[in-house]
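# A closer look at the structure
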Amino acid sequence: TSDWLNFWKIRASWGQNGNQDIRKFQYLATLTYDNAWYFFGTDKTSQTIGSYPPILPNPDVSWETSQQLDFGTDMNFLNSRLQFSFDWYKKDTRDWLVVAPALSTNGTGAPFINGGQITNKGIELSLRWNDRIGEFTYGVSASLSHNNNEVVDIANDEKIIHGPSNVLAQGTAEMFRAEVGYPVGYFWGFETEGVLQDSAEAANWVGPEGEPYFTRQQAGDVKFVDQNNDGEIDDDDKVMIGNPHPDYIFGFQINAGYKGLFFQLTANGQAGHQIAKSYRSFSDSPKNNYTTDVYDRWTGPETSDRMPRLTWGSHQNTRYISDLFIE
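A quick note: this is a predicted structure, and the numbers were derived from the prediction, not measured. (Residues numbered from 1 in each chain as written. Predicted model: local features only at pLDDT ≥ 70, side-chain atom pairs only at ≥ 80, totals over all residues. Heavy atoms only, no water.)

### Regarding the side chain of Arg-177
Mapped onto the fold, Arg-177 is located in strand S11 (residues 176–179). Among the polar contacts listed, one links the side chain of Arg-177 to the side chain of His-162, at a separation of 3.2 Å. Not counting chain neighbours up to four residues away, the residues in contact with Arg-177 comprise Ile-160, Ile-161, His-162, Gly-163, Pro-183, Val-184, Gly-185, Tyr-186 and Trp-188. (Helix = DSSP H or I, 4+ residues; strand = E, 2+ residues; numbered from the N terminus. Polar contact = N/O pair within 3.5 Å; in protein donor to acceptor, adjacent residues only side chain to side chain. Contact = heavy atoms within 4.5 Å.)

### Things to note about the environment of Val-98
With respect to the helices and strands, the residue Val-98 is situated in strand S6 (residues 97–99). Remark: the alpha-carbon pair of Val-98 and Gln-253, spanning 155 residues in sequence, is separated by 39 Å. If sequence neighbours within four positions are ignored, Val-98 has contacts with Pro-111, Phe-112, Ile-113, Gly-115 and Ile-161.

### Quick notes on the sheet that holds strand S1 (residues 5–19)
Strand order across the open sheet formed by seven strands is S1-S4-S5-S8-S9-S16-S17, with antiparallel pairing between neighbours. In this open sheet, the two strands that pair with only one neighbour each are S1 and strand S17 (261–271). Between one strand axis and the next, the sheet turns by 10° as a mean value, whatever way the strands run. In this structure, strand S5 (residues 82–94) lies alongside strand S8 (residues 116–133), joined through twelve bridges in antiparallel fashion. When the sheet's bridge partners are listed, Gln-83 is paired in S8 with Arg-128. (Pairing = 2+ DSSP bridges. Axes fitted to C-alpha atoms, helices over the stretch in contact; angles between N-to-C directions.)

### Quick notes on the nonpolar core
As a rule of thumb, nonpolar side chains are buried together in soluble globular proteins. Counting residues in each nonpolar core, the largest one holds 20 residues, and the members touching the most others are Trp-205, Phe-214, Phe-224, Ile-233 and Tyr-320. Leave out the neighbours within four places in its chain, and Trp-205 touches Glu-193, Leu-196, Pro-212, Tyr-213, Phe-214, Gln-217, Val-222, Lys-223 and Phe-224. Grouped together as the second largest cluster of nonpolar side chains are six residues, Trp-96, Val-98, Val-151 and Ala-178 included. (Core = buried A, V, L, I, M, F, W, Y, C linked by side-chain atoms within 4.5 Å. Buried < 20%, exposed > 50% of the residue type's maximum accessible area, 1.4 Å probe, protein only.)

Encoded structure:
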């Protein structure tokens, strides 16, 4: 095959890496002096510093382990001017180090625990061409990778690690979480099906019992999808509305050289993932500007079927995390 295939390697590998990158002494009931000032005795004019255990100890906490399996091949063609590489991998992160949910009645914070497993698997491709014409050299290369991320296990009954609230704006619920069967950090919220265009449509947007979904719903308000058809818009209707992990990561490079001069152009990008967008500053105040998307808001029938009317104060149009904020 030397006239067309100059090199061929088949690769396989397996290995494990440990990770202990968490706060120290999680296995002990350590003491802290942070915010531990208190009054002692009858004299309330001065405070005394005290201490308390900031976490529950976890003597069983251990290292997180990442185990990876990889199969690949490298091939060179046409006097090694054309080079091709392919890899398939599967990486399991086991004994995932996470902070455990804890009851407030514990009276202190939660430690890190070995809380589950995450799997990443995918492929990586690269193709390169390098050649020489006299003193002129040039090359072109391209790469593409695809990764699938999934939470396989979480060590609690709910199988969920909840994200924080008040991220998108003040007064909003959690918008991302980790849950078994989903990619880690996926966006969680309501699906929408347009904007109520007029008073007749607002009056007819009702549940299976004929009751309106909101007491003061009117034209210009968002229509949220009632996933379970129970006549209420609540947490039971929230679904995955976005994946922050790209489906594809790609790169491209061109290089050229002539005598002592060298030129290189590099480009890279990601595709197939979603990001969250806020249309306004964190706190709701008339002094906080909107983005220019507000010019496309609903102002009357048929003016917008995506951006709702402007409202004052807390309102489901902006307070409910939905696919309106995911792009």
